[in-house]
Amino acid sequence: MQLVWQERPARNERVRVAAWTCPFHATSYELCRLGGQSHIRRILRTEDGEVIHETYQWPVRKAEEVWRALLKGHVV
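Since the model is a prediction, treat every value here as computed from it, not as a measurement. (Residues numbered from 1 in each chain as written. Predicted model: local features only at pLDDT ≥ 70, side-chain atom pairs only at ≥ 80, totals over all residues. Heavy atoms only, no water.)

Some remarks on the overall build of the protein chain
No. 1: Helices and strands together make up the secondary structure of the protein chain, namely one helix and six strands.
No. 2: Along the protein chain, helices (α) and strands (β) appear in the sequence β-β-β-β-β-β-α when read from the amino end.
No. 3: Compactness check: the protein chain gives a C-alpha radius of gyration of 12 Å against a globular reference of 11 Å for 76 residues, within 12% of the reference.
No. 4: Dimensions of the protein chain along its principal axes, counting C-alpha atoms only, are 35 × 30 × 20 Å. (Helix = DSSP H or I, 4+ residues; strand = E, 2+ residues; numbered from the N terminus. Rg over C-alpha atoms; globule rule 2.2 N^0.38 Å.)

Remarks on the side chain of Arg 41
No. 1: Within the secondary structure, Arg 41 is located in strand S4 (residues 37–46).
No. 2: Looking at Arg 41, the relative accessible area reads 7%, which means it is buried.
No. 3: Separated by 3.0 Å, the side chains of Arg 41 and Glu 54 make a polar contact. (Buried < 20%, exposed > 50% of the residue type's maximum accessible area, 1.4 Å probe, protein only. Polar contact = N/O pair within 3.5 Å; in protein donor to acceptor, adjacent residues only side chain to side chain.)

Considering the packing of aromatic side chains
No. 1: Inspection of every chain in the model, using the stated rule, returns one aromatic pair.
No. 2: Relative to Tyr 29, the ring of Trp 5 has its centre 6.1 Å away and its plane inclined at 35 degrees; by these criteria the two rings are tilted. A residue pair is termed long-range when its members are at least 10 positions apart, and Trp 5 in the segment before strand S1 (6–7) and Tyr 29 in strand S3 (residues 27–34) qualify at 24 residues.
No. 3: On the basis of relative accessibility, which here comes to 19%, the residue Trp 5 falls in the buried class. (Phe/Tyr/Trp six-rings, centres within 6.5 Å; stacked < 30°, edge-to-face > 60°.)

A few points about the environment of Arg 45
No. 1: Turning to its location among the elements, Arg 45 is positioned in strand S4.
No. 2: According to the relative accessible area criterion, Arg 45 is partly exposed, its value standing at 28%.
No. 3: Sequence separation between Arg 45 and Lys 72 is 27 residues, and the spatial gap between their C-alpha atoms is 22 Å.
No. 4: The residues touching Arg 45, leaving out its near neighbours within four places in the chain, are Pro 23, His 25, Ala 26, Thr 27, Ser 28 and Glu 50. (Contact = heavy atoms within 4.5 Å.)

Listed below in structure tokens is the structure:
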């Protein structure tokens, strides 16, 4: 499975980070929840700062399934 990454949308609501990978690597991920939906956030750390992208929203169970696949290296 290949994830589609999009620029982080501007939101007025605060997302809840439900799970995350090590923030000390050049690339880290967060499983985020907002209003009964979830998405995955990718944070790339560069010399110029952080570049943040997010996936589309999914129902919580689907997002958790994709999250587990990401951690196992089954998605890009």
